[in-house]
Amino acid sequence: MNAWRTDTPFDAPGATRDWEHAAIAILAQEAARSADTHLLKLDLPGFPGIAFYFKDEAAHPTGSLKHRLARSLYLYALCNGRLRAGQRVVDASSGSTAISEAWFARLLGLSFVAVMPAGTAPQKIREVQALGATCDLVDDPADVTVRAAEHAVSGACHLDQFGLAERATDWRGNNNIAESILSQLSAESAPVPTWIVCGAGTGGTSATIGRYLRYRRLATRLCVADPAGCAFAQGWRSGSRDVCASVSTRIEGIGRARVEPGFLFEVADTVVEVPDAASVAAVWCLESLLGRRYGGSSGTNFAACLQLAAAMRARGESGSIVSLLCDRGERYAETLFDQNWLAVQALDLRPWLATLNRCIASGCWQAPVGVNP
Ligand SMILES: *Cc1c(COP(=O)(O)O)cnc(C)c1O
């Protein structure tokens, strides 16, 4: 009598991992085809002895630093056994992540739903749709995570950038953004920067950089640049994860309304709050310095870099400061680079352009009258 059955738990018919293995191979091939992003050096006349470096994350195939995150999130979902052949994929995003996740979905032959605030830049919505993905637009930006979770209940794989960004990236290396920056600096005269400056959207980038600096035992300090009044800055100062933003920002990708799960306050050594008008003015300055347009969060970073550099200069310090150019400016042709939009938003750039240009020329930071700081 044959006691063996083919459906014993040890036999596990149907449990081949052929699709998962092929998907992971596709992600590895994509990573191998992709070059590292440039570290652009800028010498500003007001800061002799202080070198500025900008990691050009707009150069990724999908135009932003979210290319790294999307690759990590798909790999993390696959390696956790959460993503299967033919499964729909969903995530909440203000746009950049959705573009990168839609691009990877197409590469893997999966369908993707992006839950986005209805006010997202039209160019980003068009880019997501052009990649074959669906946009589910919600009126209140605070509702995106809940809506994405609803899609997951009906069977979609939730990539969950806000929940998982902080852990999906290998913080000890594997060519994460911090390892890449430090190796690109290795032949420079100040290879260990005084500051690395980044924003916080999911908090993934700041978590990776902050952890890596400690792991490598470097003296470099991490500054998070946040739109004035937003949740990372408020939470970091008060030490509370319950705070909410006191204002909403026009700077996409950062300046969250609430303290996201991936915001690790302990890794940030300081936080610089930047008013939206200063961020946008700084993006305009970057265009004249670098000859290219970048998104608003790159301006937030640049405005914070100048303030940190002015403080270094006042103390007689030399060294280097590194920051990120987070996404392509083309996405904001109808917003940040449009005079009518700026007028409707009542964003007056002139006083901030004067502050930034004076700082670039003289090395001194002097905020417009009546503005803190
Ligand atoms: C996501 C994003 C950031 C912030 O990066 P996180 O790693 O999510 O904190 C900054 N700028 C842009 C344009 C982004 O899309």
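Residues numbered from 1 in each chain as written. Predicted model: local features only at pLDDT ≥ 70, side-chain atom pairs only at ≥ 80, totals over all residues. Heavy atoms only, no water.

Enquirer: What am I meant to see in the UniProt feature "domain: Tryptophan synthase beta chain-like PALP" (unreviewed entry) in the protein chain here?
Expert: Taken from the UniProt record, the annotation "domain: Tryptophan synthase beta chain-like PALP" (unreviewed entry) applies to residues 37-327. Here residues 37-327 is 40% helix and 18% strand, with 12 Å between the C-alpha atoms at its ends. (UniProt positions renumbered as here; feature names shortened; annotations may be inferred. Helix = DSSP H or I, 4+ residues; strand = E, 2+ residues; numbered from the N terminus.)

Enquirer: What's the story with the nonpolar core in this structure? I'm lost.
Expert: Nonpolar side chains in soluble globular proteins tend to end up buried together. Counting residues in each nonpolar core, the largest one holds 47 residues, and the members touching the most others are Leu44, Phe47, Phe52, Val197, Phe302, Leu306 and Ile321. At nine residues, the largest contribution of residues to this core is made by helix α11 (residues 296-314). Apart from residues no more than four positions distant in its own chain, Phe302 is found in contact with Leu44, Phe54, Ala282, Cys285, Leu286, Leu289 and Ile360. Core analysis: the second largest hydrophobic core is formed by 31 residues, Tyr74, Val89, Ala98 and Ala133 among them. (Core = buried A, V, L, I, M, F, W, Y, C linked by side-chain atoms within 4.5 Å. Buried < 20%, exposed > 50% of the residue type's maximum accessible area, 1.4 Å probe, protein only. Contact = heavy atoms within 4.5 Å.)

Enquirer: Help me understand the pairing of strand β10 (residues 319-325) in this model?
Expert: Every other side chain in a regular strand lies on the same face of the sheet, so the side chains alternate between the two faces. Within β10, seven of the seven residues are buried, which leaves the element mostly enclosed by the surrounding structure. The alternating pattern of β10 places Gly319, Ile321, Ser323 and Leu325 and Ser320, Val322 and Leu324 on opposite faces, both of which are buried. Bridge count between strand β2 (residues 50-56) and β10: seven bridges; the pairing is parallel. Bridge pairing in β10 links Ala51 to Ser320. Where strand β7 (residues 195-198) meets β10, three bridges bridge the pair, whose relative direction is parallel. Its bridge partner lying in β10, Val197 is registered against Ser323. (Pairing = 2+ DSSP bridges.)

Enquirer: Got a minute to help me understand the packing of aromatic side chains in this structure?
Expert: Considering all chains together, one arrives at nine aromatic pairs under this definition. Taking the centre distance of 6.2 Å and the plane angle of 35° together, the rings of Tyr74 and Phe104 count as tilted. Here Phe104 lies in helix α3 (residues 96-108) and Tyr74 lies in helix α2 (residues 66-79), a separation of 30 residues in the sequence. Pair check on accessibility: Tyr74 and Phe104 agree, each one buried. Each ring, one from Trp103 and one from Phe104, has its centre 4.9 Å from the other, and the planes form 80°; the classification is edge-to-face. Classification of Trp103 as buried rests on a relative accessible area of 18%. An aromatic cluster of at least three residues, connected via ring pairs, comprises Tyr74, Trp103 and Phe104. (Phe/Tyr/Trp six-rings, centres within 6.5 Å; stacked < 30°, edge-to-face > 60°.)

Enquirer: For this particular structure, what's the right way to read the sheet that holds strand β3 (residues 89-92)?
Expert: Strand pairing in a sheet is mediated by backbone hydrogen bonds. Such pairs are either parallel or antiparallel. Pairing is parallel in the open sheet, where four strands are placed in the order β5-β4-β3-β6. The open sheet has two edge strands, β5 (134-138) and β6 (157-158), and neither has a second partner. Relative to β5, strand β4 (residues 112-117) runs parallel, the two sharing five bridges. The partner of Pro117 across the bridge, within β5, is Val138. Against the sheet, α3 contacts β3 and β4, and its axis sits at roughly 175° relative to β4. (Axes fitted to C-alpha atoms, helices over the stretch in contact; angles between N-to-C directions.)

Enquirer: When you look at the site of the ligand in this model, what are you seeing that I'm missing?
Expert: Around the ligand there are 16 residues in total, and Lys66, Gly201, Thr202, Thr205 and Ser297 lie nearest to it. Within the side chain of Ser96, a nitrogen or oxygen atom sits 3.3 Å from an oxygen atom of the ligand. At 2.7 Å, a backbone N or O of Gly201 approaches an oxygen atom of the ligand. Bound to the protein, the ligand loses 96% of the 370 Å² it would expose on its own. (Near = heavy atom within 4 Å. Polar contact = N/O pair within 3.5 Å; in protein donor to acceptor, adjacent residues only side chain to side chain. Areas by Shrake-Rupley, 256 points an atom, 1.4 Å probe, with all protein chains shown as cover.)

Enquirer: Honestly, the environment of Ala130 in this entry has me stumped. Any pointers?
Expert: Relative to the helices and strands, Ala130 is located in helix α4 (residues 122-130). In the structure, Ala130 is positioned 233 residues away from Gly363 in sequence and 44 Å away in space, judged by C-alpha atoms.

Enquirer: Whenever I open this one, the environment of Arg172 confuses me. Can you help?
Expert: In this structure, Arg172 sits in the loop between α6 (161-168) and α7 (177-184). Arg172 sits 199 residues away from Val371 along the chain, and the two C-alpha atoms are 40 Å apart. Apart from the residues lying within four places of it in its own chain, the contact partners of Arg172 are Tyr212 and Tyr215.

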